[in-house]
Amino acid sequence: MRPIQVFDDKMEGSKAIARHIAHLVKRRREEHKPVVLGLATGSTPIGVYEELVRIHKNEGLSFEHVITFNLDEYYPMRPSSQQSYSWFMHHHLFNHIDVPAQNIHIPDGALAKNHIPAFCRGYEAAIKNAGGIDLQLLGIGRTGHIGFNEPPVSADSITRLVSLHPITIEDAARNFGGISFTPTEAITMGISTIMQAREIVIAGWGPNKAAIIKKAIEANIDEQIPASYLQTHASVKWVLDKEAAAELSEMTEHADA
Ligand code: PGA
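The rules we used
Residues numbered from 1 in each chain as written. Predicted model: local features only at pLDDT ≥ 70, side-chain atom pairs only at ≥ 80, totals over all residues. Heavy atoms only, no water. Helix = DSSP H or I, 4+ residues; strand = E, 2+ residues; numbered from the N terminus. Rg over C-alpha atoms; globule rule 2.2 N^0.38 Å. Buried < 20%, exposed > 50% of the residue type's maximum accessible area, 1.4 Å probe, protein only. Contact = heavy atoms within 4.5 Å. Areas by Shrake-Rupley, 256 points an atom, 1.4 Å probe, with all protein chains shown as cover. Lys, Arg positive; Asp, Glu negative; His and termini not counted. Charge placed at Lys NZ, Arg CZ, Asp CG, Glu CD. Pairing = 2+ DSSP bridges. Axes fitted to C-alpha atoms, helices over the stretch in contact; angles between N-to-C directions. Parallel < 35°, antiparallel > 145°, perpendicular 65-115°, else oblique. Nonpolar A, V, L, I, M, F, W, Y, C, P; charged D, E, K, R; others polar. Arc of directions from axis to C-beta.

Caption draft 1: The arrangement of the overall build of the protein in detail. The helix and strand tally for the protein stands at nine helices and ten strands. The C-alpha radius of gyration of the protein comes to 17 Å, within 12% of the 18 Å expected for a compact globule of 257 residues. Considering only C-alpha atoms, the protein reaches an extent of 55 × 45 × 35 Å along its principal axes. Counting all 257 residues of the protein, 53% fall into the buried class. Pairs at least 24 residues apart make up 78% of the contacts formed inside the protein by residues separated by at least 6 positions. For the protein, the accessible surface area stands at approximately 11900 Å², while carbon and sulfur atoms represent 52% of it. Side chains of the protein carry 24 positive and 30 negative charges; the gap between the two charge centres is 5 Å.

Caption draft 2: The sheet that holds strand S4 (residues 72–75), seen in detail. Spatial strand order, S4-S8-S7: three strands in an open sheet with antiparallel pairing. Edge strands, defined here as strands with exactly one partner in the open sheet, are S4 and strand S7 (160–163). Along the sheet, successive strands turn relative to each other by an average axial angle of 30 degrees, direction set aside. Strand direction decides the pairing type here: S7 and strand S8 (residues 185–188), joined by four bridges, are antiparallel. Pairing of Ser 163 across the sheet is with Glu 185, part of S8.

Caption draft 3: Representation of the sheet that holds strand S3 (residues 66–70) in the model. In space, the seven strands of this open sheet follow the order S1-S10-S9-S6-S2-S3-S5, with parallel pairing throughout. Unpaired on one side and paired on the other, strand S1 (4–7) and strand S5 (104–105) mark the two borders of the sheet. The strands touched by helix H1 (residues 10–30) are S1, strand S2 (35–39), S3, strand S6 (135–138), strand S9 (199–204) and strand S10 (236–241); relative to S2, the strand with the most contacts, the crossing angle is about 155 degrees.

Caption draft 4: Geometry of the packing of helix H2 (residues 46–59) against helix H3 (residues 85–92). Where H2 contacts H3, the axes come no closer than 9 Å and their chain directions differ by 40 degrees. Our classification of the angle between H2 and H3 gives oblique. Across the interface between the two elements, Ile 46, Tyr 49 and Val 53 from H2 touch Phe 88, Met 89 and His 92 from H3. Residue composition of the contact of H2 with H3, grouped by class: five nonpolar, one polar and no charged.

Caption draft 5: Representation of helix H7 (residues 210–218) within the structure. Residues of H7 that are buried: Ala 210, Ile 212, Ile 213 and Ala 216. For H7, the arc enclosing every buried residue in end-on projection is 165 degrees, short of the 170-degree limit, so these residues lie on one face. Those residues of H7 that are buried are in contact with S9, S10 and helix H8 (242–245).

Here you go:
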């Protein structure tokens, strides 16, 4: 995949990402090796998961050797709640494929607060013990966050409890029936955790993401733009639809020509 790929719409982009992930999963299966996927939630990856489920069902792709680590979870949050990212992942992906339950890792939003630091250290250790993340899938929030790493965030941040940005709370409120019911904290992998993935695929769809995507790709690396840290990663691919790519210089030049 090229560093920035622009598709006509999110369906096409989602299919390309799913195909890329499916190739990796298949190759590792043929090599009799596990594969570690870092997974994201939110509206962005839904089409990717739909397509992976289709490939599993129609083409027989097995996920038995796949180990997953999700980026984040709201806090506090019961995993059984329909608003949890645990529920989201089972609903959109895990319930429909053959990934073993013991291979699935999602930050636990139901912990007592004093147990969170040890849980986060364990999460980092579990990623390392699994051999590190082969491919990390990301979306980007309007704040520039990846995972729930809101600005300002340091490059050496690891899995921890964080406060959500007001814009992120506003965006999440529609799923919680209003701002006053929306969690204000989350457990998230850090920038350092994400940057250690061997390969990163970050997707963005629609006009609401165009301005922050331009900053993340074209502005200087800045703790105020968490996704800008990706500029230093050796293997990162941006997969965008036309609307999300609309403000990139290359696109604007193209449109003016
Ligand atoms: P979205 O969120 O996929 O719902 O747009 C992306 C993100 O906040 O990372």
